[in-house]
Amino acid sequence: SHLGGFRGMPHHNQFKKSLRKEAKRREANRAQRARLRHSLRDFKASDTVESAETRLSEVASLLDKGAKTHLIHPSKASRLKSRMAAALNRLRAQA
């Protein structure tokens, strides 16, 4: 389970507080991850060079922020940015 195998209600105030903090962080992380996924999807769906360029900068910013807070692994952020840049260059070559 998401409580690390814990069963039942906590009896100590500090553990109650930690459960509240974990729930808040979990929701924030889920929202950030969803925002990142949606922006990646929008970049892949962009069909013009101009829209792809603006979306690339937005996604790169979100990836850097996610990597900074360990929402995603820094290497994954770097890899995704590299692949998006390559895709943008392919789109430029077609235009």
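Definitions and cut-offs
- The residue numbering used here restarts from 1 in each chain and proceeds along that chain's sequence as written.
- Totals for whole chains, interfaces and linings use all residues, but because this is a predicted model, local features are given only for residues with pLDDT of at least 70 and pairs of side-chain atoms are given and counted only at 80 or more.
- Water and hydrogen atoms play no part in the side-chain values, which are based on all heavy atoms of the structure.
- Numbering of helices and strands runs from the N terminus; a helix is a DSSP stretch of H or I covering at least four residues, while a strand is a stretch of E covering at least two.
- Between the two quantities, the radius of gyration covers C-alpha atoms and the globule rule is 2.2 Å times the number of residues to the power 0.38.
- Each residue is placed in one exposure class: buried if its accessible area under a 1.4 Å probe, protein chains only, is under 20% of its type's maximum, exposed if it is over 50%, and partly exposed if it falls in between.
- Contacts are residue-level and defined by heavy atoms, with any inter-residue pair within 4.5 Å sufficient.
- With axes taken as lines fitted to C-alpha atoms, and helix axes fitted only over the stretch in contact, angles between N-to-C directions fall between 0 and 180 degrees.
- Every angle not falling under 35 degrees, over 145, or within 65 to 115 is termed oblique; those three ranges are roughly parallel, roughly antiparallel and roughly perpendicular.
- Note on residue categories: nonpolar means Ala, Val, Leu, Ile, Met, Phe, Trp, Tyr, Cys or Pro, charged means Asp, Glu, Lys or Arg, and polar means any other residue, Gly included.
- The term salt bridge refers to a side-chain nitrogen of Lys or Arg lying within 4 Å of a carboxyl oxygen of Asp or Glu.

1. Brief notes about the overall build of the protein
Here's step 1: Regarding its fold elements, the protein presents three helices and zero strands.
Here's step 2: Reading the secondary structure of the protein in the N-to-C direction produces α-α-α.
Here's step 3: Radius of gyration (C-alpha) of the protein: 19 Å, far over the 12 Å computed for a compact globule of 95 residues.
Here's step 4: Projected onto its principal axes, the C-alpha coordinates of the protein cover approximately 65 × 20 × 20 Å.
Here's step 5: Within the protein, buried positions represent 26% of all 95 residues.
Here's step 6: A fraction of 53% describes how many contacts in the protein between residues 6 or more apart in sequence connect residues 24 or more apart.

2. Side note on the packing of helix 2 (residues 49–68) against helix 3 (residues 74–94)
Here's step 1: Two elements in contact, helix 2 and helix 3, have axes separated by 9 Å at closest approach and are oriented at 175°. Here helix 3 runs roughly antiparallel to helix 2, going by the angle between their axes. Residues V49, A52, E53, L56, V59, A60, L63, D64 and A67 of helix 2 pack against P74, A77, L80, K81, M84, A85, L88, L91 and R92 of helix 3.
Here's step 2: Of the residues in the contact of helix 2 with helix 3, the class split is 14 nonpolar, no polar and four charged.

3. Concerning the pattern of salt bridges
When charged atoms on two side chains of opposite charge get close, those side chains can pair.
Here's step 1: The final tally for this structure, using the stated rule, is four salt bridges.
Here's step 2: Across the salt bridge formed by R30 and E27, the nearest N and O atoms sit 3.7 Å from each other. Here R30 and its partner E27 are both found in helix 1 (residues 13–45), three residues apart, which amounts to about one turn of the helix.
Here's step 3: When its relative accessible area of 53% is taken as the criterion, R30 is described as exposed.
Here's step 4: Of the charged contacts, one joins R41 and D42 as a salt bridge, the two residues approaching to 3.7 Å between their closest N and O atoms.

4. Comments concerning unusual backbone geometry
Here's step 1: Although it is not a glycine, H70 adopts a positive phi angle of roughly 60°.
Here's step 2: Tracing the backbone through its elements, the reader meets H70 in the loop between helix 2 and helix 3.

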